[in-house]
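A closer look at the structure
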Amino acid sequence: MKNINVKLLCLVTLFALGSCKKDFLEQSDPNANTIANSFKSENDVLLAVNGCYSLLRSANTIGEGSDLWTDQRSDDTGTNDNQSNAGEPFQFNNFSLVPTNSYMYTHWLAMYAVIANCNIVLSNIDKVTFAAPATKQKYKAEAEFIRALIYFDMVREWGDVPLVTTQLTSPADITANTFRTAQAKVYDQIVADLKDAANSPLPVTQSAGVIGRISLAAVNTLLGQVYLTMATTQDQANRTTNLNNALASLTAAYNSKTFTNLSDIPYTDVFDVTKKSTCPELIWQIVNIQGDPIYSSSIAANSQAKGETTNSQKPSTSVGDNVTHDLVNEYEAGDPRMTFSIKYANAPTVKDWYVTKFRDVSAGAGINGYGGNDWILMRYADVILMLSEVNMYLGNTAQATQYLDMVRARAGMPTYEVSSLDPVYSANFPTLKLAILHERRVELAFEHHRWFDLLRTFTTDELVNYFHAKSQANFGSAILSNFTTKDRYYPIPFNETKLDPTKMYQNPGY
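Let me sum up the structure you'll find in this document. Since we're looking at a predicted model, the values are computed, not measured. (Residues numbered from 1 in each chain as written. Predicted model: local features only at pLDDT ≥ 70, side-chain atom pairs only at ≥ 80, totals over all residues. Heavy atoms only, no water.)

A separate point is the overall build of the protein chain. When you go through the protein chain residue by residue, the secondary structure sums to 21 helices and 4 strands. Taken over the C-alpha trace, the protein chain has a radius of gyration of 22 Å; the compact-globule value for 510 residues is 24 Å, and the two agree within 12%. Along the longest, intermediate and shortest principal axes, the C-alpha atoms of the protein chain span 65 × 55 × 45 Å. Counting over 510 residues, the protein chain shows a buried share of 57%. Accessible area for the protein chain stands at about 19,800 Å²; split by element, carbon and sulfur atoms hold 54% of it. With 41 positive and 51 negative side-chain charges, the protein chain shows a separation of 3 Å between the mean positions of the two kinds. (Helix = DSSP H or I, 4+ residues; strand = E, 2+ residues; numbered from the N terminus. Rg over C-alpha atoms; globule rule 2.2 N^0.38 Å. Buried < 20%, exposed > 50% of the residue type's maximum accessible area, 1.4 Å probe, protein only. Areas by Shrake-Rupley, 256 points an atom, 1.4 Å probe, with all protein chains shown as cover. Lys, Arg positive; Asp, Glu negative; His and termini not counted. Charge placed at Lys NZ, Arg CZ, Asp CG, Glu CD.)

See the structure below:
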C-alpha cells in the first residue's frame, strides 16, 4: 500500500498451529524478549500495525490473488483448461477438497499469521507512552479491525476455529490454545473488536494521504455485514436484533459517503487506475504502485487470455481468468457491466470467456504488467445492496427495492418493478431475495464476494439444491454433483486435526 508500504516489521509469528515439530516446541523461545522489546515508541507501534496491513496483500490471505478460496469456490470462475483441471487447486472449484490440501493449509497458516501479528500489537501497545491518546486509540482500532476481518473470513470458511486474542509467548501457550471455539464465541469477539473500533477516533472516510487505511465507514461496513451474516446463518432467536443492528451499522456507513447519487459515479470509474485515489465510491482498498516490481498489481495481466490486449500490455500465454458460462448467461441483455467485466477470447487454445474488469494497459504498467490497480475490499455499491438485503429481510420491501434500484440505475438497467414484468427476468429471479443476489453477482463479480453471498443467502440444503439445479454444461470440468452438505465448510487441515483429534475435530463429511 503506497501510504503504508514501509518495510514489514519482522515479528516472528508464534501461533502457526501445526507448523512446528514436537522437538522444536520443547525448546525455549528466543524471540519472546525480542518482540516485547520492539515496542518502545509510537513509531514502533505504527510499524507493527503497518505489518498487519501488509500481510493482507498476500494471495494466501485476502489479497487480489485470493480468489481460490472465494470466487473459484463459487459459480463465477473456474479452471476449464486441461492443464489446470488437476491437482490441489482444482479441488476448490470441483468441490473435492481433502484435509491434506496444501494450498488450504497455507491459507490457514497465513490467516493466523495476520491474527498473531494483530495480537502482538494489542498485547504490547500499552507499553508505549503516546503524546496523544487518540493516536493510540487509532492504532488499536486498526489492529482490532484487521483481526476481526480475518476471523470473519475464517469462521465462514471453517466454522468453529481456534480463537486467540493475546500474544502467545511459549510452547505451553500454543498447546493451550490449540482447540476449536464455537462459532458464536468467535462472532462475539468479532463484534466486540469492531464495536471498539467504531468508538475510536478513526477518520470518517479514507482521504488523501491515508488511502489504504481503514476508516469509520469501513468499520461500519464490516460490522453491518457481520450482523447480517449472523442474522441469516447463526442463532435465529436473535435474528431480528441482528438485522436491526446490521441496518444501523450499514446506514452509518452509507451516511458517511461523500457523493450524492451512485449514478453520478460511472461504473468504469471504480476500476480506473487513474481515479483510484479520488473515486468517492471506494471505502477501503489495498493500494498498489504502478510500475513497481514488488508492490504493483498483477491482476490485469494474470486475468488476460492469450491473444488479447484488453487488460494489459503483457502478452498472455494462458486462458486467463476463466468465467463460468453460468455467470455469462446470468447477465441481462444490454447490461454494460457484462461488456466491461468479461470478454470472449478467440485464440484457438482458449475459445472461452475471461475477466476484463481489472485493466491497466498504460505505459506505466508496461509489458511486464506491473499494474496500478488497487484491490478494492469495500465500496458503496456493496453497502447499498446489503441495505437492500437487510430491508428485504425486515419486510421493508419498498426500501429494499429503492436501494436495489440505485445500483440498477447506475448500470442503466430498468427498475426492479419494470424488470419484474419481463418474463425472462421474473423466471430467473422470481423473488426479491433472488433479485438482490443476482444484482450482487453482476455488480460485484470477481471482487471475491460471491461465495460468501451464497453462504449467507441459502441454508446448506438449499445451497446443495441450488448448485444441483444448474447446468453441468456451464461449468466445464468442475463436477456439480460433487457438491454436498459437507461443502458448506472447508475441512480442517490434517496437520491441525492430528495435533489433537478431539479438540481440533474435523468438519462433517471429511
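A few words on the pairing of strand E1 (residues 282–286). Across the 5 residues that make up E1, a large majority, 5, are buried. Relative to strand E4 (residues 375–379), E1 runs antiparallel, the two sharing 4 bridges. Bridge pairing in E4 links Ile286 to Trp375. (Pairing = 2+ DSSP bridges.)

A few words on the side chain of Arg379. Take Arg379: it is sitting in strand E4. Polar contacts involving the side chain of Arg379 include one to the side chain of Glu281, which spans 2.7 Å. Among the polar contacts made by the side chain of Arg379, one reaches the main-chain carbonyl oxygen of Glu443 at a distance of 2.8 Å. Setting aside its immediate chain neighbours within four residues, Arg379 contacts Tyr267, Val270, Phe271, Glu281, Leu282, Ile283, Lys357, Arg410, Glu443, Leu444 and Glu447. (Polar contact = N/O pair within 3.5 Å; in protein donor to acceptor, adjacent residues only side chain to side chain. Contact = heavy atoms within 4.5 Å.)

Within the structure shown, the criterion is met by 33 salt bridges. Taking the shortest distance from any N to any O, the salt bridge between Arg441 and Asp75 comes out at 3.4 Å. You can see Arg441 sitting in helix H18 (residues 432–443) and its partner Asp75 sitting in the loop between helix H3 (42–55) and helix H4 (87–93), a full 366 residues away along the chain. With respect to class, Arg441 is no different from Asp75; both count as buried. Here Lys470 and Asp326 are joined by a salt bridge, their closest N and O atoms 2.9 Å apart. In this pair, Lys470 is assigned in the loop between helix H20 (460–468) and helix H21 (494–497) and Asp326 in helix H12 (residues 325–330), connecting sequence segments 144 residues apart. Across this residue pair, the class does not change: Lys470 and Asp326 are buried. (Salt bridge = Lys/Arg side-chain N within 4 Å of Asp/Glu carboxyl O.)

With that settled, the discussion passes to the nonpolar core. With 133 residues, the main nonpolar core has Phe145, Ile190 and Trp284 as its most contacted residues. Looking at this core, the element that brings in the most residues is helix H6 (residues 133–158), giving 13 residues. If you look at the next biggest cluster of nonpolar residues, it comprises 6 residues, including Ala305, Val319, Val350 and Tyr354. (Core = buried A, V, L, I, M, F, W, Y, C linked by side-chain atoms within 4.5 Å.)

Here we come to the packing of aromatic side chains. Within this structure, the stated rule accounts for 25 aromatic pairs. When the centroid spacing of 6.3 Å and the interplanar angle of 75° are considered together, the rings of Phe152 and Tyr187 count as edge-to-face. Here the residue Phe152 occupies a position in helix H6, and Tyr187 occupies one in helix H8 (residues 183–198), the gap between them amounting to 35 residues. Tyr187 matches Phe152 in its accessibility class, with the two residues each being buried. The ring of Tyr489 carries the charged tip of Arg488 above its face, separated from the ring centre by 4.2 Å. (Phe/Tyr/Trp six-rings, centres within 6.5 Å; stacked < 30°, edge-to-face > 60°. Lys NZ or Arg CZ within 6 Å of the ring centre and 35° of its normal.)

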